[in-house]
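A closer look at the structure
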Amino acid sequence: MTTPWVRLFGVKKEKDSDELPILELLSHIPIFEGLNRRELIAIERILHRREYLQGETIFRQGEPGMGMYIVQEGRVAIVSEREEQQLFEMDKGHFFGEVALLDEGSRSATAIARTNCSVFGFFKPDLFELIDRDPRLGLKVVLRLARHIGIRLRQADEWVLALTTELEKLKRAESTEKP
Amino acid sequence: MPGNSTRNRIQIFAFFIGVFLLCVLLYVGGVAAIVVTAAILAYILNPVVTAIEVRGLSRGASTALVLLLITLGAILFWYTVIPIAIEQWRSMQSGSATTATSIAIARLESTLRENFGFLGLGNVNVTEEFQKLKGGFVERIPNFLMEESISLLLGLVMTPFVMFFILKDGLSFKKYFISLVPNRYFEFTMDLMYKMGVQLGNYLRGQILDALVFGALATLALWILGVPYFVFIGIFAGLANLIPFVGPIVGAFAGLIAVVLEKGDIVRGAYVLFAFGILKIVDDLIVQPWAVGKSVQLHPMVVAIAIVVGGHLFGVLGMLLAVPIAGFLKVVLEESIETYRRYRFD
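Residues numbered from 1 in each chain as written. Chains lettered and ligands numbered in written order. Predicted model: local features only at pLDDT ≥ 70, side-chain atom pairs only at ≥ 80, totals over all residues. Heavy atoms only, no water.

1. Notes on the overall build of chain A
When its secondary structure is counted, chain A shows five helices and eight strands. Helices and strands appear in chain A in the N-to-C order α-α-α-β-β-β-β-β-β-β-β-α-α. By residue count, 41% of the 179 residues in chain A fall in the buried class. Of the accessible surface of chain A, which amounts to about 10800 Å², a share of 56% is contributed by carbon and sulfur atoms. (Helix = DSSP H or I, 4+ residues; strand = E, 2+ residues; numbered from the N terminus. Buried < 20%, exposed > 50% of the residue type's maximum accessible area, 1.4 Å probe, protein only. Areas by Shrake-Rupley, 256 points an atom, 1.4 Å probe, with all protein chains shown as cover.)

2. Focus on the interface of chain B and chain A
Taken together, the contact between chain B and chain A spans 33 residues of the former and 35 residues of the latter. Between chain B and chain A lies a buried interface of about 2900 Å² when both sides are counted; carbon and sulfur atoms form 51% of it. The interface formed by chain B and chain A contains 12 residue pairs in polar contact (both at pLDDT 80 or more). If you list the elements that add at least two residues to the side of chain B that touches chain A, you get α1 (2-28), α2 (32-54), α3 (59-94), α5 (126-179) and α6 (186-224) of chain B. When residues in the side of chain B that touches chain A are grouped by element, the largest group, eight residues, is from α5(B). A class-by-class count of the residues in the side of chain B that touches chain A yields 14 nonpolar, seven polar and 12 charged. (Contact = heavy atoms within 4.5 Å. Buried area = accessible area lost by both parts, 1.4 Å probe. Polar contact = N/O pair within 3.5 Å; in protein donor to acceptor, adjacent residues only side chain to side chain. Nonpolar A, V, L, I, M, F, W, Y, C, P; charged D, E, K, R; others polar.)

3. Re helix α8 (residues 246-263) of chain B
With 18 residues, α8(B) ought to run about 26 Å at 1.5 Å a step, and its terminal C-alpha atoms sit 25 Å apart, in line with that. G264(B) occupies a position one or two residues after α8(B) and carries a positive phi of about 65°. (Expected span 1.5 Å × (residues − 1).)

4. Some points on the sheet that holds strand β6 (residues 95-96) of chain A
Adjacent strands of a sheet form backbone hydrogen bonds with each other and so pair up, either parallel or antiparallel. Across the sheet, four strands lie side by side as β1-β8-β3-β6 (chain A); this open sheet has antiparallel pairing. Because the sheet does not close on itself, it has two edges, and the strands there are β1 (48-52) and β6 of chain A. In the sheet, strand β3 (residues 67-73) of chain A pairs with strand β8 (residues 117-123) of chain A via six bridges, with the strands oriented antiparallel. Pairing of I70(A) across the sheet is with F120(A), part of β8(A). Most of the contacts of α6(B) go to β1(A), to which it runs at about 155°, and overall it touches β1, β3 and β8 of chain A. (Pairing = 2+ DSSP bridges. Axes fitted to C-alpha atoms, helices over the stretch in contact; angles between N-to-C directions.)

5. Topic: the packing of α8(B) against helix α9 (residues 266-291) of chain B
Residue and element names in this part refer to chain B. Their axes nearest at 8 Å, the elements α8 and α9 cross at an angle of 160°. Compared by their axis directions, α8 and α9 come out roughly antiparallel. Classified by chirality, the crossing of α9 by α8 is right-handed. Side by side, α8 and α9 meet where P248, G251, A252, G255, L256, V259, V260 and K263 of the first sit next to I266, R268, G269, A270, V272, L273, F276 and K280 of the second. (Parallel < 35°, antiparallel > 145°, perpendicular 65-115°, else oblique. Left-handed = near helix turned anticlockwise from the far one by under 90°.)

6. Remarks on the packing of aromatic side chains
Residues and elements named next belong to chain A. Per the counting criterion, the structure on display carries 12 aromatic pairs over all chains. Centre to centre, the rings of F32 and F122 are 5.3 Å apart; their planes meet at 75°, and the pair counts as edge-to-face. Of this pair, F32 sits in the loop between α2 (19-27) and α3 (37-46) while F122 sits in strand β8; the two residues are 90 residues apart in sequence, bridging distant segments of the chain. Seen from their ring centres, Y69 and F123 are 5.4 Å apart, and the 80° between their planes marks the pair as edge-to-face. One end of the pair, Y69, is in strand β3; the other, F123, is in strand β8, and 54 residues separate them in sequence. By relative accessible area, Y69 is classed as buried at 0%. Since its relative accessible area comes to 0%, F123 is described here as buried. (Phe/Tyr/Trp six-rings, centres within 6.5 Å; stacked < 30°, edge-to-face > 60°.)

7. Some thoughts on a nonpolar patch on the surface
On the surface, a cluster of nonpolar side chains totalling about 850 Å² of accessible area is made up of L57(B), L65(B), L68(B), L69(B), L72(B), I75(B), W78(B) and Y79(B). Inspection of the secondary structure assignment puts W78(B) in helix α3. (Patch = residues over 30% accessible without salt bridge, like charges linked within 9 Å, V, L, I, M, F, W, Y side chains within 5 Å. Salt bridge = Lys/Arg side-chain N within 4 Å of Asp/Glu carboxyl O.)

8. Focus: the pairing of strand β5 (residues 85-90) of chain A
Residues in a regular strand project their side chains so that they alternate between the two faces of the sheet. Residue and element names in this part refer to chain A. In terms of strand pairing, strand β4 (residues 76-80) meets β5 through five bridges, oriented antiparallel. When the sheet's bridge partners are listed, A77 is paired in β5 with E89. Between the end of β4 and the start of β5, which pair antiparallel, lie four residues, with E84 showing a positive phi angle near 50°.

9. Thoughts on the sheet that holds strand β2 (residues 57-59) of chain A
Residue and element names in this part refer to chain A. On the basis of which strands lie adjacent, the open sheet formed by four strands has the order β2-β7-β4-β5 and antiparallel pairing. Sheet topology places β2 and β5 at the edges, where each strand pairs with a single neighbour. Put simply, the sheet's adjacent strands are angled 30° from each other on average, direction ignored.

10. Details of the confidence of the model for chain B
Looking at chain B as a whole, its pLDDT mean stands at 78, while 77% of the residues score no less than 70. Predicted complex metrics record ipTM = 0.79 and pTM = 0.70. (pLDDT = per-residue confidence, 0-100.)

11. Some words on the confidence of the model for chain A
Looking at chain A, pLDDT values average 86 and 88% of them are 70 or higher. Counting contacts from residues 10-20 of chain A, a segment whose pLDDT is below 50, to residues more than four positions away or on other chains yields 10 contacts.

12. Describing the nonpolar core
Residues Y52(A), I58(A), Y69(A), V76(A) and F96(A) are the most contacted members of the largest nonpolar core, which totals 29 residues. Contributions of two or more residues to this core are made by β2, β3, β4, β7 (110-113) and β8 of chain A together with α1 and α6 of chain B. Of all the elements, α6(B) adds the most residues to this core, at five residues. Discounting chain neighbours no more than four positions away, the residues touching Y52(A) are T57(A), I58(A), Y69(A), A113(A), T115(A), N116(A), C117(A), V119(A), N183(B) and F186(B). Grouped together as the second largest cluster of nonpolar side chains are 25 residues, L25(A), L26(A), L130(A) and V141(A) included. (Core = buried A, V, L, I, M, F, W, Y, C linked by side-chain atoms within 4.5 Å.)

13. Re empty space enclosed by the protein
As enumerated under the stated definition, the model contains two cavities of 30 Å³ or more in all. Of the pockets and cavities examined, the largest cavity occupies roughly 50 Å³. The wall of the largest cavity is formed by I58(A), F59(A), E63(A), N183(B), R184(B), F186(B), E187(B), F188(B) and Y343(B). Every element with two or more residues in the lining of the largest cavity is listed here: β2 of chain A together with α6 of chain B. Per-element accounting of the lining of the largest cavity gives the leading share, three residues, to α6(B). Looking at side-chain class alone, the lining of the largest cavity contains five nonpolar, one polar and three charged residues. Taken as a whole, the second largest cavity holds about 30 Å³ of empty space. Listed by contribution, the elements that provide at least two residues to the lining of the second largest cavity are α5 and α6 of chain B. A total of three residues in the lining of the second largest cavity trace back to one element, the largest contributor, which is α6(B). (1 Å grid on protein atoms, 1.4 Å probe; cavity = no way out; pocket = protein on both sides within 12 Å on 5 of 7 lines; lining within 4 Å. Points joined across faces, edges and corners; volume = space filled by probe spheres on them.)

Here it is in structure tokens:
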């Protein structure tokens, strides 16, 4: 039982029965990696839990992006509407849409719930609010986010390089085959 | 999926009905004005609470500290300004300042008779009219206070109470509200609320800043002109300036009445009006563009209608809140349309 005074000043928070799994889930997300328990609880407070039915759209390609989603339960497909093909399938512990936390652009793909699923949303306004209220933690998150996107950029560079080399090889092979 | 889209539509319909019913309930319950005032004050004070929170205090403690400082300020106001106000009201009632006033009124009467006799103003008895007006006004104040004291007291207790929780738990309230929005409109709602919050915060803080600057300038001008009670009238003019059109005129007339009644100096009264005219021009050309910016530009007709509707629904408080609320509704409408266009709803 919480007394009105405890409720008023938030001195002690009652433990939710599923609190630990959420914190555990968060601690494995690169953006929140290495944060202590207090910091993870602060992050958990600003997350939005959403439930989606199988086939329901989470966001659509071309729409403005507000932030990222972490899959807690179920599977989510990331689909390119232009090529009409599935790019990835995400399940428990995976996250997507994190670029929207930094840029003002639109979503580059559509996310659809493949099964009934529950996800946690982490959004730009809440990140800004966090930076205002707890700049130290906000900076930690933004730094990790930048690092994560840096890694992705490096990977993309490597893929581009590998594909270009492959393409060159194919072109050369084609020209030697021709009389 | 058609099933999902129908479900979403039903959900969004239920959501809006819920919000509408809540508004009706607040209005019928008579707490709408309290909640709106508390929300606006919370909005203005939010950066202060956050600034304290950044220094390591919990949100609850930061909010409590801000509220404590405001309470101390109110107590200080109660013990310093209120006794002077009561004293001035008594002097007005006893008519201690009537010698100079009656001279001024007699002068006004003769001017009216000489110059405007052809309009049928020749036989007007200004002294009698003035006594009637003053008597009515002085009698009405205690009656008003008696009748309104319970609701005034309720408002004085309830507003900080509601404001405290909006400041402390605002984020949880927002999170809960967003959790009620159907999936399809959820990111759109977040986007909208965020943009509205930024716009509204700038607008409200701008209005308050404008009122403060206008109040300070008016006080300075009234002090230079030697107007009695210049601090009161200055503060009053600053607050009144929040109500467009009517506000500046009311402020100017408060200064005019003070000079004419206390000093019996019509010429200085004209200077007061002139000073307010210049202040208004300075306000419109320099202060407002700097403080309020171009965030919310309301059509003059909309402002006029808003003031009348606000006054009709909630009295003077309604008139004060009418323009911020109209500004809020305009932001909601504009941002809704703009944001809606960017989403691909079926």
